[in-house]
Amino acid sequence: MIRHFCASAFIIDPYTKKILLVKHKKNGKWTQPGGHIEGNETPEEAAIREVYEETGLRVRLLGERFPREDDFIRPLGIQKNRRTVSDGETHMHVDIIYAAIPNDDSKLVLNTQESDDIGWFSREELEYIDCFPDIKITMDYILRNIIK
């Protein structure tokens, strides 16, 4: 099995309580922005870079730095996503996920090489779009525990 290490961010607008999602070009589902961690890049740097590349948005990752202030932000979790590619090989994406908020009022910019669409969604709207169940679970968790 081939493993890829990735980082992504669940971006919540703290005022509207909406989540920013991109419609993935390969699987057609709405998902959080993210991607592969490049060589010599930290997971935090990768999450911030991927969000900017896919959405045009600058974000601030949320979470505590533990146990020291100069340690990395503790991620929300680490997801294990498996898929089989066209040659029959199984790939695992080990995705380090973060909660984030926008830094400013930047305009969204769709990266058409990676996504078919981009948008902000309320929790209720997630029931009517094609997204993975973990998007709803993670948004609920963030709204209950991080952005109240």
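Source: prediction; values computed, not measured.

A.B. asks: Summarise helix α1 (residues 43–55); cite the residues concerned and give the values.
C.D. replies: Here α1 contains 13 residues, and its C-alpha end-to-end distance of 18 Å stays within 8% of the 18 Å for a straight helix at 1.5 Å per residue. Restricting attention to buried positions, one finds in α1 the residues Glu-44, Ala-46, Ala-47, Arg-49, Glu-50, Val-51, Glu-54 and Thr-55. Each element contacted by the buried residues of α1 is listed here: β1 (2–12), β2 (19–24), β4 (34–36), β5 (59–62), β7 (90–102) and β8 (115–121). One or two residues past the end of α1 sits Gly-56, with phi positive at roughly 80°.

A.B. asks: Account for a nonpolar patch on the surface, with residues named and values stated.
C.D. replies: A surface patch of nonpolar side chains, about 230 Å² in accessible area, is lined by Leu-76, Tyr-141 and Ile-146. Assignment of secondary structure puts Leu-76 in the loop between β5 and β6 (77–84). Here Leu-76 falls in the partly exposed class, since its relative accessible area comes to 30%.

A.B. asks: With reference to specific residues and values, describe the environment of Ile-146.
C.D. replies: Checked against the element boundaries, Ile-146 lands in the segment after α2 (133–145). Discounting residues that sit within four places of it in the chain, Ile-146 has contacts with Leu-62, Leu-76, Ala-99 and Tyr-141.

A.B. asks: Can you explain the pattern of salt bridges? Please cite residues and give values.
C.D. replies: Enumeration over the complete set of coordinates arrives at 13 salt bridges. For Glu-38, the salt bridge goes to Arg-49, with nearest N and O atoms at 3.6 Å. Of the two residues, Glu-38 sits in the loop between β4 and α1 while Arg-49 sits in helix α1, which places them 11 residues apart along the sequence. Owing to a relative accessible area of 46%, Glu-38 belongs among the partly exposed residues under this scheme. A salt bridge links Asp-140 to Arg-123, with the shortest nitrogen-to-oxygen separation between them at 2.6 Å. Linking Asp-140 in helix α2 with Arg-123 in the loop between β8 and α2, this pair joins segments that are 17 residues apart in sequence. Residue classification places Asp-140 among the partly exposed residues on the basis of a relative accessible area of 25%.

Thresholds applied
- Residues numbered from 1 in each chain as written.
- Predicted model: local features only at pLDDT ≥ 70, side-chain atom pairs only at ≥ 80, totals over all residues.
- Heavy atoms only, no water.
- Helix = DSSP H or I, 4+ residues; strand = E, 2+ residues; numbered from the N terminus.
- Expected span 1.5 Å × (residues − 1).
- Buried < 20%, exposed > 50% of the residue type's maximum accessible area, 1.4 Å probe, protein only.
- Contact = heavy atoms within 4.5 Å.
- Patch = residues over 30% accessible without salt bridge, like charges linked within 9 Å, V, L, I, M, F, W, Y side chains within 5 Å.
- Areas by Shrake-Rupley, 256 points an atom, 1.4 Å probe, with all protein chains shown as cover.
- Salt bridge = Lys/Arg side-chain N within 4 Å of Asp/Glu carboxyl O.

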